[in-house]
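Below, each chain spelled out in residue letters.
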Amino acid sequence: MKSLNIGICGWGNVATGMFKALNDNADAIKLNSGCSFEVKVIGARRDNPKCNPGDTKILRDIFEVVDCDVDVIVELIGGVDVARELILKAISNKKHVITANKAVIFHHGDEIFNAANKNGVKVLFEAAVCAGTPIIKLLSEELAANNISKISGMLNGTSNFILSNMEEGSEFKPTLELAQKEGYAEPDPAFDIEGMDAAHKIGILSSIAFGTPLPPEDFYIEGITSIEKSDFTYASDMGYTIKHLAVAKLENESLELRAHPALIRKSSHLANLTGVRNGMEIDTDLIGKIHIAGSGAGQESTASGLISDLVHLSNCPDVSSDESQKVKTTYKLNNFNDLVFQYYFYLEAEDKPGVMASITSMLASKKVGIESIVQKEDHGKNSVPIILITDPFKEHDHAELQKELLELDSVKAVRSIRIEAE
Ligand code: HSE
């Protein structure tokens, strides 16, 4: 029986979830993997009334945990600076590290992996992306023989939970509160709803699939806060739904990285993934498109990802960090402004003759083609919604077009969402 002694740093929702799963699912873990694990010490600044650690030793100073006689430190304190310091100290003490912390891997991954390699230890981070839904080891091991050209999907459980509930008629704010109550959202939920969390995750996946550095260069990030419930109705009328998508795509030796809301076809695989589910589509050369989906946030899903790393570690503890051994690439990151999208525009306009003509002639003057334009039923405020789908044009012209549409006399409000090409 392979066994590991564990020190946990942090004692919040994720840490207590892993502790419970190690106990509750101990038989399944032994049966499936032949491994057993013992939590020897917990670094907890305070007790957590939701979990009784029994006789396990508790240290109030999390940094003391990395001095204890354990094989692996599971870093679950979150945040960036203190987590980085803690992980580097664990590594220099020759401890393996497992973390669910996407922010610290995004910002300091290369530094951490190099330190791990120098010290002959591993740093594993399956739970940092999509919680327990397997993607890190899937990319770096099971798909290692493939050239990957694209990874796209929903990488933030909270955003998918909010958007798919809004599609069913819920309001944004109470749905976010529910996501917080369920333990899906970050301590500061701005990371979820403003797109940073998904951006961290796609940055990490890009580093594995395309060898981009951690941290990567800056790329375009937008969250879900400007999506309205009515957008789902209008999108649905045209065969679309709205998701928060993160994309890493390699084409002609240059790389596209972005995270933003998008209209996607209701018939697509990703469209049907609702609630806290994450889902990804991966384009590979040897086995074509792969789809993977599962719960992307929450205590139990994250515990599953963390324990998969413990099993991995107990199967090959003597091999030092693979991540720093990977060849880094120098693909040029495409300028987001040079990308081409079709756009959905919602316009709220005065209900008077000539409005449509003013909109279409403005678009013509900008040389932006129209795929469809539909006037919807009166809002009852002497204004009508107009839904416009453009032909593809460059992102560079998008903000200017939106501004000029709003400047039209009869137009009172404008918002837009990119349409993801199939
Ligand atoms: N807040 C994150 C999410 C947790 O909602 O996806 C999992 O990384």
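Our next topic: the site of the ligand. Taken together, Lys102, Asn156, Gly157, Thr158, Tyr184, Ala185, Glu186, Asp192, Asp197, Lys201, Gly296 and Ala297 make up all the residues around the ligand. Separating a nitrogen atom of the ligand from a backbone N or O atom of Tyr184 is a distance of 2.7 Å. Lys201 is positioned with one of its side-chain polar atoms (N or O) 2.8 Å from an oxygen atom of the ligand. Protein contact buries 94% of the 250 Å² of open area that the ligand shows by itself. Where the shell around the ligand is concerned, the elements lending two or more residues are helix H7 (157–167) and helix H10 (196–210). Of the residues in the shell around the ligand, the class split is three nonpolar, four polar and five charged.

Let us look at helix H13 (residues 355–365). Here H13 has its buried residues at Val355, Ile359, Met362 and Leu363. Angularly, the buried residues of H13 cover 100 degrees about the axis, an arc narrow enough to put them on a single face. Opposite the buried face of H13, at more than 90 degrees from it, the exposed residues are Ala364 and Ser365. On the buried face of H13, the contacting elements are strand S14 (340–350), strand S15 (370–375), strand S16 (383–390), helix H14 (398–407) and strand S18 (411–419).

As a further point, take the domain arrangement of the chain. Here the domain parsing of the chain yields domain 1 (3–131 + 301–325), domain 2 (136–294) and domain 3 (339–419). Between the C-alpha centres of domain 1 and domain 2 there is a distance of 26 Å. Taken together, the 19 residues of domain 1 in the interface contact 21 residues of domain 2. Across the contact surface, domain 1 and domain 2 share four salt bridges. Lys102 serves as the salt-bridge partner of Glu186, at 2.9 Å between the closest nitrogen and oxygen. Taken together, domain 1 and domain 2 are joined by nine residue pairs in polar contact (both at pLDDT 80 or more). Those elements that place two or more of their residues in the side of domain 1 that touches domain 2 are helix H5 (102–119) and helix H12 (299–315). Element by element, the count of residues in the side of domain 1 that touches domain 2 is highest for H5, at nine residues. Class assignment for the residues of the side of domain 1 that touches domain 2 results in eight nonpolar, six polar and five charged.

The buried fraction of strand S10 (residues 254–265) amounts to 11 of the 12 residues, a majority that puts the element mostly inside the structure. As judged from the two bridges shared by strand S8 (residues 220–221) and S10, these two strands associate in the parallel manner. Bridging from a neighbouring strand, Ile221 pairs with Ala259 of S10. In sequence, strand S9 (residues 240–251) turns back onto S10 through a hairpin of two residues, with Asn252 there showing a positive phi of about 50 degrees. Here two bridges tie S10 to strand S13 (residues 332–333), and the two strands are oriented parallel to one another. In the sheet register, Leu255 faces S13, and the bridge partner there is Leu333. In this sheet, S18 lies alongside S10 in parallel orientation, the contact comprising two bridges.

Turning our attention to the pairing of strand S7 (residues 148–154). On a regular strand, each side chain points to the face opposite its neighbour's, so the side chains alternate between the two faces of the sheet. Counting buried positions along S7 gives six out of seven residues, so the element sits mostly inside the fold. Bridge analysis of S7 against strand S11 (residues 277–284) gives six bridges, and the strand direction is antiparallel. Residue pairing across strands places Ile148 opposite Thr284, the latter belonging to S11.

Now for the packing of aromatic side chains. Scanning the entire structure with this criterion turns up 10 aromatic pairs. Taking the centre distance of 5.9 Å and the plane angle of 25 degrees together, the rings of Tyr234 and Tyr346 count as stacked. Of this pair, Tyr234 sits in helix H11 (residues 229–237) while Tyr346 sits in strand S14, and the two are 112 residues apart along the sequence. Assigned by exposure class, Tyr234 and Tyr346 land together as buried. An aromatic cluster of at least three residues, connected via ring pairs, comprises Tyr220, Phe336, Phe341, Tyr343, Phe345 and Phe393. The aromatic ring of Tyr346 is capped on one face by Arg415, whose charged end is 3.8 Å from the ring centroid.

It is worth spelling out the pattern of salt bridges at this point. Evaluated as defined, the whole model comprises 26 salt bridges. A salt bridge links Lys289 to Glu281; the nearest nitrogen and oxygen atoms lie 3.5 Å apart. Here Lys289 falls in the partly exposed class, since its relative accessible area comes to 49%. Using a relative accessible area of 18% as the deciding quantity, one classes Glu281 as buried. Within the structure, one salt-bridge network assembled from shared partners comprises Lys102, Glu186, Asp197 and Lys201.

Cut-off values and rules
- Residues numbered from 1 in each chain as written.
- Predicted model: local features only at pLDDT ≥ 70, side-chain atom pairs only at ≥ 80, totals over all residues.
- Heavy atoms only, no water.
- Near = heavy atom within 4 Å.
- Polar contact = N/O pair within 3.5 Å; in protein donor to acceptor, adjacent residues only side chain to side chain.
- Areas by Shrake-Rupley, 256 points an atom, 1.4 Å probe, with all protein chains shown as cover.
- Helix = DSSP H or I, 4+ residues; strand = E, 2+ residues; numbered from the N terminus.
- Nonpolar A, V, L, I, M, F, W, Y, C, P; charged D, E, K, R; others polar.
- Buried < 20%, exposed > 50% of the residue type's maximum accessible area, 1.4 Å probe, protein only.
- Arc of directions from axis to C-beta.
- Contact = heavy atoms within 4.5 Å.
- Domains from an automatic or database assignment.
- Salt bridge = Lys/Arg side-chain N within 4 Å of Asp/Glu carboxyl O.
- Pairing = 2+ DSSP bridges.
- Phe/Tyr/Trp six-rings, centres within 6.5 Å; stacked < 30°, edge-to-face > 60°.
- Lys NZ or Arg CZ within 6 Å of the ring centre and 35° of its normal.

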